Amino acid sequence: AGLVWAVVRFAQRHVCPSLVVALAWAFPYFATTGAFHTKYLRYMAPLLPFLLAFAAVAAVSGLAWLAHRWGGPGRAAWTAVAVAVLGFAIAWALTFAGVYRQEHPWITASLWMYENVPADSTVLSEAWDDALPLTMDEYPGRPPLRQYKRVELPLWEADDAKKLDALVAGLSSGDYLVLASNRLYAPIQRLGWRYPMASQYYRMLFAGELGYEQVAEFVVYPRLGSSVVPDDHADESFTVYDHPR
């Protein structure tokens, strides 16, 4: 909203030199980065100070306009909106911070595996994702380590006969299959035209049609008191590092 306000003010030629300088960098950066095929949230970090400045000036200008037009009631309306926005921001910050008050799902999953998966079992993982269990050398009270045979499934590779053979061989020899996050299955299932075989593989896997059944699941969500915010469909970089499912 602050960026839109700044652009409108620029179009109306109601700008000061400092706003022109800020827009000369912020607007092209926003347009260029926003046009990327993959829009990672962190790519917008350099823009945040400018957005904050635009929003602050827009908010003060809005207060002046409301006060001039409606006097006391205008100021009261602006204050109510400001308090609501600030309250929501604080509530969401505390809610998301709830992620860090809970144990990371990979730690919980690793502890479960060391206690429940027999040594020398063949554990399948996905290429380009983390393999579990973690060693957790610095974790106090960690159960004794067990050695596992590890096999990576090449789900990101192009769908062809070689990939099919690798999947069949891996699934036939595996005892356990670990999906450490949705880094692969979420986008691949949405890209059926690009991964017709891999997307069908995930549909069959989750339907229990490949000889594997779910024995454990570990998930952490943003939480504030009894309020939980499931964010499985958020951008993957928003979830797979801090609180993967």
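**Notes on the sheet that holds strand β2 (residues 149-153)**
Overall, parallel pairing links the three strands, which are arranged β2-β1-β3 in an open sheet. Two strands close off the open sheet at either side, each with one partner strand: β2 and β3 (176-177). Relative to β2, strand β1 (residues 122-126) runs parallel, the two being bridged by five bridges. Residue V123 lies in a different strand from β2, and its bridge partner there is R150. Strand contacts of helix α6 (residues 161-173): β1 and β2, with the helix running at about 150 degrees to β2, the strand carrying the most contacts.

**Some details on the packing of helix α1 (residues 2-11) against helix α2 (residues 17-34)**
At a minimum axis distance of 11 Å, the contact between α1 and α2 shows a crossing angle of 120 degrees. It follows that α1 is oblique to α2 by the angle criterion. Classified by chirality, the crossing of α2 by α1 is left-handed. Of the residues in α2, those touching α1 at L3, A6, V7, R9 and F10 are L19, V20, L23, F27 and F30. Its residues placed into classes, the contact of α1 with α2 shows nine nonpolar, no polar and one charged.

**Quick notes on the pattern of salt bridges**
For the structure on display, the rule yields six salt bridges. E217 is the salt-bridge partner of R245, the closest N and O atoms lying 2.7 Å from each other. Taken together, the residues span a long stretch of sequence, with R245 in the segment after β5 (227-228) and E217 in the loop between α8 (196-206) and β4 (223-224) at a distance of 28 residues. Of the residues examined, R245 reaches a relative accessible area of 38% and is grouped as partly exposed. Taken together, the salt bridges that share partners define one network made up of D129, D130 and R183.

Definitions and cut-offs
Residues numbered from 1 in each chain as written. Predicted model: local features only at pLDDT ≥ 70, side-chain atom pairs only at ≥ 80, totals over all residues. Heavy atoms only, no water. Pairing = 2+ DSSP bridges. Helix = DSSP H or I, 4+ residues; strand = E, 2+ residues; numbered from the N terminus. Contact = heavy atoms within 4.5 Å. Axes fitted to C-alpha atoms, helices over the stretch in contact; angles between N-to-C directions. Parallel < 35°, antiparallel > 145°, perpendicular 65-115°, else oblique. Left-handed = near helix turned anticlockwise from the far one by under 90°. Nonpolar A, V, L, I, M, F, W, Y, C, P; charged D, E, K, R; others polar. Salt bridge = Lys/Arg side-chain N within 4 Å of Asp/Glu carboxyl O. Buried < 20%, exposed > 50% of the residue type's maximum accessible area, 1.4 Å probe, protein only.

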